[in-house]
Amino acid sequence: MPQKSVAHFFLSCPVVSSVLGSGRVRVPTVSKQNFNSATDAEIAFYEALARSDLEAMMAVWSEDDEVVCIHPDGARLVGLANVREAWRQLFSAGVRLAVRTTQLMANTSMLLTVHSVLEHVSVEGEQNLQPPLVATNVYMRGAYGWKMVLHHTSATPEIPEIPNHNNPRTVH
């Protein structure tokens, strides 16, 4: 089988045009799981991604209809229904992704936390290493603890070496 980039797997699961074009769509109830910190929510996010677990993934997201998700080289998806449909399609493709994050940069306030990380993504069962992806995850503190309101992942530019920040940094 020819090698495909990680971005290919995201792009091969397009969000159905009827979902994008129909405006508001009824969204199934989201779990009221509480996350005590943005870090707890982020751990749950990447665990759900690794397991291709749609319900666990959606439990991380805010129930606010203003959530945003952008997959590598993908469209800007706004609204919980569109975000859910994109993850459903990705998970239903049967591809299992292993993701390891590094170089966390965090900006935290009482109600909002922004995490910038490098995602080292591999397709389960393949040996080829892909260049890391750059991800921004934004979490908001609300009635049910910390929930994701934005996930944006992009391919890294072709540069000789990405500086290594050995220790996580928190900016206040």
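Residues numbered from 1 in each chain as written. Predicted model: local features only at pLDDT ≥ 70, side-chain atom pairs only at ≥ 80, totals over all residues. Heavy atoms only, no water.

(A) Fine view of the overall build of the protein. Secondary structure assignment for the protein yields five helices and seven strands. Counting helices and strands in the order they occur from the N terminus, the protein gives α-α-α-α-β-β-α-β-β-β-β-β. Relative to its full complement of 172 residues, the protein shows a buried share of 40%. In the protein, the share of contacts with a sequence separation of at least 24, taken over all contacts with a separation of at least 6, comes to 61%. In the structure as shown, the protein presents an accessible area of about 9,600 Å², 54% of it carried by carbon and sulfur atoms. (Helix = DSSP H or I, 4+ residues; strand = E, 2+ residues; numbered from the N terminus. Buried < 20%, exposed > 50% of the residue type's maximum accessible area, 1.4 Å probe, protein only. Contact = heavy atoms within 4.5 Å. Areas by Shrake-Rupley, 256 points an atom, 1.4 Å probe, with all protein chains shown as cover.)

(B) Here's a closer look at the nonpolar core. Formed by 25 residues in total, the largest nonpolar core has its most connected members in Phe45, Met57, Met58, Trp61 and Trp87. Where this core is concerned, the elements lending two or more residues are helix H3 (38–51), helix H4 (54–60), helix H5 (80–92), strand S5 (133–142) and strand S6 (145–155). Here the element with the most residues in this core is H3; it accounts for seven residues. (Core = buried A, V, L, I, M, F, W, Y, C linked by side-chain atoms within 4.5 Å.)

(C) Focus on the environment of His152. By the secondary structure assignment, His152 is in strand S6. His152 gets classed as partly exposed once you look at its relative accessible area, which sits at 30%. With 16 residues separating them along the chain, His152 and Thr136 place their C-alpha atoms 5.2 Å apart. If sequence neighbours within four positions are ignored, His152 has contacts with Ile70, Val134, Ala135 and Thr136.

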